[in-house]
Amino acid sequence: MNQQDNQETPWVSLGAVCHMYGVALGSAKNKIMAGTFPVMTYKVGKIHVIDRAVHDRYFACKREAGLCALESTNG
């Protein structure tokens, strides 16, 4: 592991990835306040963030579910 890898944040900013959840930043914040955003978030200073592992796992689970559904229709 090089020095740059050690400096990678353990989170992604909500503003950088909210489009991946199908919403604008303002809508994402509203969903967080309403408890309906699909993953847990937290704040680092004033920035809303998602743990990088949670963000990656959310989409990995969606991918796995999609692949299972595809396989069940082709079997």
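What counts and what doesn't
For every chain, the first residue of the written sequence is number 1, and numbering continues from 1 along that sequence. Given that the model is predicted, a residue must reach a pLDDT of at least 70 before its local features are reported, and side-chain atom pairs must reach 80 or more before they are shown or counted; all residues, however, enter totals for whole chains, interfaces and linings. Neither water nor hydrogens contribute to the side-chain values; these are computed over all heavy atoms in the structure. By the criteria applied, helices consist of DSSP H or I runs no shorter than four residues and strands consist of E runs no shorter than two, each listed in order from the N terminus. The buried label goes to any residue with under 20% of its type's maximum accessible area, the exposed label to any with over 50%, and the partly exposed label to all in between, with areas taken from a 1.4 Å probe on protein chains only. Any two residues having at least one pair of non-hydrogen atoms within 4.5 Å are treated as being in contact. Salt-bridge detection follows one rule: a side-chain nitrogen of Lys or Arg within 4 Å of a carboxyl oxygen of Asp or Glu. A pair of strands is labelled paired if DSSP reports no fewer than 2 bridges between them. Buried residues of nine kinds, namely Ala, Val, Leu, Ile, Met, Phe, Trp, Tyr and Cys, make up a nonpolar core once their side-chain atoms join them within 4.5 Å.

Draft legend 1. Fine view of the environment of His-48. Relative to the helices and strands, His-48 resides in strand S3 (residues 47-51). You can call His-48 buried: its relative accessible area is 14%. In this structure, His-48 is in contact with Val-12, Ser-13, Leu-14, Lys-29, Ile-32, Thr-41, Tyr-42 and Lys-43, ignoring residues within four places of it in sequence.

Draft legend 2. Inspection of the pattern of salt bridges at higher detail. Tallied over the entire structure, the rule returns one salt bridge. Among the salt bridges present, the one from Arg-52 reaches Glu-8, with a minimum N-O distance of 3.1 Å. In this pair, Arg-52 is assigned in helix H4 (residues 52-74) and Glu-8 in the loop between helix H1 (3-6) and strand S1 (11-13), connecting sequence segments 44 residues apart. The class of Arg-52 is partly exposed, set by a relative accessible area of 25%.

Draft legend 3. Main features of the pairing of S3. Here S1 runs beside S3; their pairing, made up of three bridges, is antiparallel. Bridge pairing links Trp-11 to Asp-51 in S3. Strand direction decides the pairing type here: strand S2 (residues 42-44) and S3, joined by three bridges, are antiparallel. Paired with Val-44 across the strands is Ile-47, a residue of S3. Two successive antiparallel strands, S2 and S3, enclose a turn made up of two residues, where Gly-45 displays a positive phi of approximately 65°.

Draft legend 4. Layout of the nonpolar core. Core analysis: the biggest nonpolar cluster contains 11 residues, these being Val-12, Leu-14, Val-17, Cys-18, Tyr-21, Val-23, Ala-28, Ile-32, Phe-37, Val-39 and Ile-50. Mapped by element, the contributors of at least two residues to this core are helix H2 (14-17) and helix H3 (25-34). Each residue touching Val-12, except ones within four places of it in the same chain, is listed here: Val-17, His-48, Val-49, Ile-50, Arg-52 and His-55.

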